[in-house]
Amino acid sequence: MSYALPQLSSSWLRAVGVEFEKEYMHALKAFLVDEKAHHTLFPPSEEIFTALNLTSFENVKVVILGQDPYHGSHQAHGLAFSVSNQTKIPPSLANIFKELKEDMGCNVSSVGNLTAWANQGVLLLNAVLTVRAHEPNSHANRGWEIFTSKIIETISANKEHVVFILWGKPAQRKIEIIDTSKHYVIQSAHPSPLSAHRGFFGSRPFSKTNNFLISIGERPIEWCL
């Protein structure tokens, strides 16, 4: 029995398609086959690559790194920190919206779907792209981290002047594979309730991102939803 991952856009297949032939990816697919046979997985299989399919390699201007998908029903839909429409906004995203209001003056959105950001070149990438229902980090160290690190490495090596927003220590460890001489990195505490007051609030990542994009002649992101 095989596990059919959803179709990845031609843009990303050109960039990282070779990864699907590697041993770790075959092992990951085998793991997902077994998981799907015994558990509910999030996001729905057809949405695993939503972040990549909404934001092509060519259009990446900003990368926001998350950890793994939300593990509750009707939450994860393939974009880091984002939730499906009509879904209650999770605490980390609520804190992101609070900082967005303080930083950019945006009204706090009642909808947690961040597709509008993805459509402007913000790659909302989780380090792990699947999770078992109600069990956070249940798909950690199964191969997704290798794949998503390759995505970051490919962006770093083949593009210039990308903004990398690294919230929390796991994301900040990715700085080792980012060429900081040609990209702009913003680091702070994670927006989760446990750590937001230790440096996320007041970090102003949205205005910093836009100021940098404007400085290199790029269109700023319209962050307000």
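Refer to the structure printed above.
Given the structure is predicted, the values throughout are model-derived calculations rather than measurements.

This brings us to the sheet that holds strand E2 (residues 62–66). The strand order across the open sheet built from four strands is E3-E2-E5-E6, with neighbouring strands paired in parallel fashion. On the outer flanks of this sheet lie strand E3 (122–126) and strand E6 (184–188), each paired with one strand and no other. Going across the sheet, the axis of each strand differs from the next one's by a mean of 20°, ignoring polarity. Sheet topology places E2 next to E3; five bridges connect them, and they run parallel. Its bridge partner lying in E3, Leu65 is registered against Leu125.

On any regular strand, side chains alternate: one points to one face of the sheet, the next to the other face. Of all five residues that make up strand E5 (residues 163–167), five are buried, and the element is covered over most of its length. Taking every second residue as pointing to the same face, both faces of E5 are buried, with Val163, Ile165 and Trp167 on one and Phe164 and Leu166 on the other. Sheet topology note: the E2/E5 ladder contains four bridges and is parallel. Within E5, the position partnered with Ile64 by the bridge is Ile165.

Rules and cut-offs
Residues numbered from 1 in each chain as written. Predicted model: local features only at pLDDT ≥ 70, side-chain atom pairs only at ≥ 80, totals over all residues. Heavy atoms only, no water. Pairing = 2+ DSSP bridges. Helix = DSSP H or I, 4+ residues; strand = E, 2+ residues; numbered from the N terminus. Axes fitted to C-alpha atoms, helices over the stretch in contact; angles between N-to-C directions. Buried < 20%, exposed > 50% of the residue type's maximum accessible area, 1.4 Å probe, protein only.

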